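These are the residues of each chain, in order.
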2 protein chains.
Amino acid sequence: MKVLAFDVFGTVVDWYGSIVREVTQLGLPVDPAQFALDWRAGYQPAMARVRSGELGWTRIDDLHRMILNELLAKHTIDMDEPARRALNLVWHRLAPWPDAVEGLTRLKARFTITTLSNGNISLLTEMAKRAGLPWDCILSAEVFRHYKPDPETYLGVCTLFEIDPQDMMLVAAHKDDLDAARALGCRTAFVERPHEFGPHKHLDLRRESRFDFHARDFQDLADQLSC
Amino acid sequence: MKVLAFDVFGTVVDWYGSIVREVTQLGLPVDPAQFALDWRAGYQPAMARVRSGELGWTRIDDLHRMILNELLAKHTIDMDEPARRALNLVWHRLAPWPDAVEGLTRLKARFTITTLSNGNISLLTEMAKRAGLPWDCILSAEVFRHYKPDPETYLGVCTLFEIDPQDMMLVAAHKDDLDAARALGCRTAFVERPHEFGPHKHLDLRRESRFDFHARDFQDLADQLSC
């Protein structure tokens, strides 16, 4: 195993907590928790519009912005263009989970660590720079012109590094992402992120025998991989 | 100015010295200096075969290997497949110039620093990991499916970061690379690398008023940019 590819939103960074914090600070007349959940919930349908061909290739920054516009309209919130643009960039400013930087640093000593996210390159680069995420490489759906879980993304990483799927492991907090990678022969590590959707949502964190690893967090994964 | 994009071979790393060292250690029956120069000299003609359509898109690793095979044949050196593969990967192991890591670290504090190299992603990633080059992002001709100096490469960086060409600066030891970027409206910084082709080749290091900066090395560039 040579390359660890990481899902990012929810797996490496806490989008829910970061958005709740910024929306609260802005004093928007909404429930910040619900606003964060609604923003994130718009993301799969938005990607589906690209997959269906209704929209051409669209970076996640622009999908996030479309969803934000709809949410602001729904709440009849008047916000000017610069403020919308600034709020939309909250996705570049997501905070890492407490174990992420140290865990990644340990894993990096033994493996090549790369993002494999639907987030665009500039988003992932800016996020890493702010948060100190020590990626060896930043790969994105934007490079492959396909969103996860399309096979082109996982296999694209293998092609770039000239490795077989079994020499790449996807690390993610989402079982559907892992299943898509596993179907192609990649290795898989599930990481528990019980509060990805806030403190009240019950998530399925059960250990699944089909995944190669099951870790509480990145430190635990580094322990299991003897890093 | 937000993004500094760096040429890599010759600008960040010393391909000549690194190849001379490895070829000498291997004890090949060749003049190591001439071997290094010949290997590098095969690179522009090899890219030209891709540009002309004679070859499909080919990563630099594979171009380097084609040239290596020709050189070994020319010198009638018998080398088995694993040894050829290992030697070809010398391009992943090139050593940085002495000022590179510290200079880049200073520049990174103020700018987003990315590679913009004809080297493939795995080559650049492995090189950075070994040498400790602190890139924010690794971009390559491989992502844009065009080699420098094709405009798609420089403009591709601007598109990914959603910036205008004047907000991006190319840093390179090669005036033709800088001229191609400058023609598109990018800023340019020339860096002197007097020994890129070894101690005996005379290089044109003259200051050109058309470039925005002229630096002795990356530390000098960081000084000039107040990093």
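Residue positions are counted from 1 within each chain, in the order its sequence is given. Note on labels: chains are lettered from A, ligands numbered from 1, in written order. Owing to the predicted nature of the model, reporting of local features is limited to residues with pLDDT of at least 70; listing and counting of side-chain atom pairs is limited to 80 or more, with chain, interface and lining totals taken over all residues.

## Describing the relation of the copies chain A and chain B
Selection criterion: Alignment of copies: least-squares fit on C-alpha atoms of residues with pLDDT of at least 70 in both copies. Two residues form a contact once the distance between their C-beta atoms, set from the backbone, is within 7 Å.
By a simple turn and slide, chain A fits onto chain B: the slide is 0.0 Å along the axis, the RMSD is 0.0 Å, and the turn is 180°. Taken together, the rotation and translation relating the two chain copies correspond to the operation of a two-fold axis. Interface overlap between copies: 100% of the residues of chain A at the interface are likewise at the interface in chain B, consistent with a symmetric, same-surface contact.

## Digging into the pairing of strand β4 (residues 112-117) of chain A
Along any regular strand, the residues point their side chains to alternate faces of the sheet. Residues and elements named next belong to chain A. Stated formally: For every residue, the other C-beta atoms within 10 Å of its own C-beta are counted; 20 or more classify it as buried, 12 or fewer as exposed, and values in between as partly exposed. C-beta atoms are placed from the backbone. Secondary structure elements follow DSSP: runs of H or I no shorter than four residues count as helices, runs of E no shorter than two count as strands, and numbering proceeds from the N terminus. The pairing criterion is simple: DSSP has to find at least two bridges between the two strands.
A large share of β4 lies buried, amounting to six of its six residues. Neither face of β4 is open: one carries T112, T114 and L116, the other I113, T115 and S117, and all of them are buried. Sheet topology places strand β1 (residues 3-6) next to β4; four bridges connect them, and they run parallel. When the sheet's bridge partners are listed, F6 is paired in β4 with T115.

## Considering the sheet that holds strand β7 (residues 187-191) of chain A
Residues and elements named next belong to chain A. Rules: For helices, the fitted line uses only the C-alpha atoms of the stretch in contact; every axis is such a line through C-alpha atoms, and the angle between N-to-C directions lies from 0 to 180 degrees.
Strand order in the open sheet made by the six strands is β5-β4-β1-β6-β7-β8, with parallel pairing throughout. The sheet is open, and its two borders are formed by β5 (137-140) and β8 (213-215), each paired with just one other strand. The mean angle between the axes of side-by-side strands here comes to 25°, regardless of whether they run parallel or antiparallel.

## Observations regarding the domain arrangement of chain A
Residues and elements named next belong to chain A. Rule in force here: Where each domain begins and ends follows an automated or database-derived domain assignment. Side-chain classes follow a simple rule in which Ala, Val, Leu, Ile, Met, Phe, Trp, Tyr, Cys and Pro form the nonpolar group, Asp, Glu, Lys and Arg form the charged group, and the remainder, Gly included, forms the polar group.
Each assigned domain of chain A is listed with its residue range as follows: domain 1 (3-14 + 94-224) and domain 2 (15-92). The gap between the C-alpha centroids of domain 1 and domain 2 is 23 Å. Each side of the interface is counted separately: domain 1 has 18 residues, and domain 2 has 13 residues. Of all the elements in the fold, those that place two or more residues in the side of domain 1 that touches domain 2 are β2 (13-14) and α7 (121-131). The element that contributes the greatest number of residues to the side of domain 1 that touches domain 2 is α7, accounting for three residues. Of the residues belonging to the side of domain 1 that touches domain 2, the class tally is eight nonpolar, five polar and five charged.

## Points about the nonpolar core
The test is simple: Note on definitions: a nonpolar core is a set of buried residues drawn from Ala, Val, Leu, Ile, Met, Phe, Trp, Tyr and Cys, linked by C-beta atoms within 7 Å.
Within the largest apolar cluster, 127 residues are counted, with the highest numbers of intra-cluster contacts made by L170(A) and L170(B). Beyond its immediate stretch of four places on either side in the chain, L170(B) contacts A5(B), L116(B), Y154(B), D177(B), L178(B), A181(B), C186(B) and T188(B).

## Focus on the interface of chain A and chain B
Accessible area lost when the parts come together is the quantity often used to give the size of an interface. Counting residues at the interface gives 13 residues for chain A, matched by 13 residues for chain B. Elements with a minimum of two residues in the side of chain A that touches chain B: α7 and β5 of chain A. The element best represented in the side of chain A that touches chain B is α7(A), accounting for five residues. Each residue belonging to the side of chain A that touches chain B can be placed in one class, and the counts come to seven nonpolar, three polar and three charged.

## A few points about the sheet that holds strand β4 (residues 112-117) of chain B
Strand pairing within a sheet occurs via backbone hydrogen bonds; the two strands may be parallel or antiparallel. All names here are of chain B. Taken in spatial order, the six strands of this open sheet run β5-β4-β1-β6-β7-β8, and their pairing is parallel. Strands at the two margins of the open sheet, each flanked by one partner only, are β5 (137-140) and β8 (213-215). Direction aside, neighbouring strands of the sheet carry axes that sit 25° apart on average.

## Examining the packing of helix α3 (residues 43-51) of chain A against helix α4 (residues 60-74) of chain A
A pair of packed helices is captured by two measures, namely the crossing angle of their axes and the spacing between those axes. All names here are of chain A. Note the cut-off: For classification, angles of less than 35 degrees are called roughly parallel, those exceeding 145 degrees roughly antiparallel, those between 65 and 115 degrees roughly perpendicular, and all remaining angles oblique. Handedness of a crossing is defined here by the sense of rotation of the near helix relative to the far one, left-handed for an anticlockwise turn of less than a right angle and right-handed for a clockwise turn.
For the pair α3 and α4, interaxial distance at closest approach is 10 Å and the crossing angle is 120°. Between α3 and α4, the angle is such that the two are oblique. Crossing of α3 against α4: the hand is right-handed. In this structure, α3 contributes Y43, A46 and M47 to the contact, and α4 contributes L63, M66 and I67. Residues that form the contact of α3 with α4 fall into these classes: six nonpolar, no polar and no charged.

## Re helix α6 (residues 100-108) of chain A
All names here are of chain A. Formally: Think of it as the arc spanned by the lines of direction from the helix axis to the C-beta atoms.
Turning to α6, its buried residues number three or more, namely A100, G103, L104 and L107. Seen end-on, α6 carries its buried residues on one side only, within an arc spanning 95°. Looking at the buried side of α6, the elements it contacts are β1, β3 (95-96), β4 and α11 (218-224).

## Here we look at unusual backbone geometry
Residues and elements named next belong to chain A. Geometrically, the link from K148 to P149 is a cis peptide bond, its omega value of 5° lying close to zero. The phi torsion at E162 lies on the positive side, around 50°, for a residue other than glycine. Position of E162 among the secondary structure elements: in the loop between α9 (151-160) and β6 (168-172). Residue classification places E162 among the partly exposed positions, given that 13 C-beta atoms sit within 10 Å. At S226, a residue that is not glycine, the phi angle is positive and equals roughly 55°. Tracing the sequence through the fold places S226 in the segment after α11. S226 gets classed as exposed once you count the C-beta atoms within 10 Å, which come to 7.

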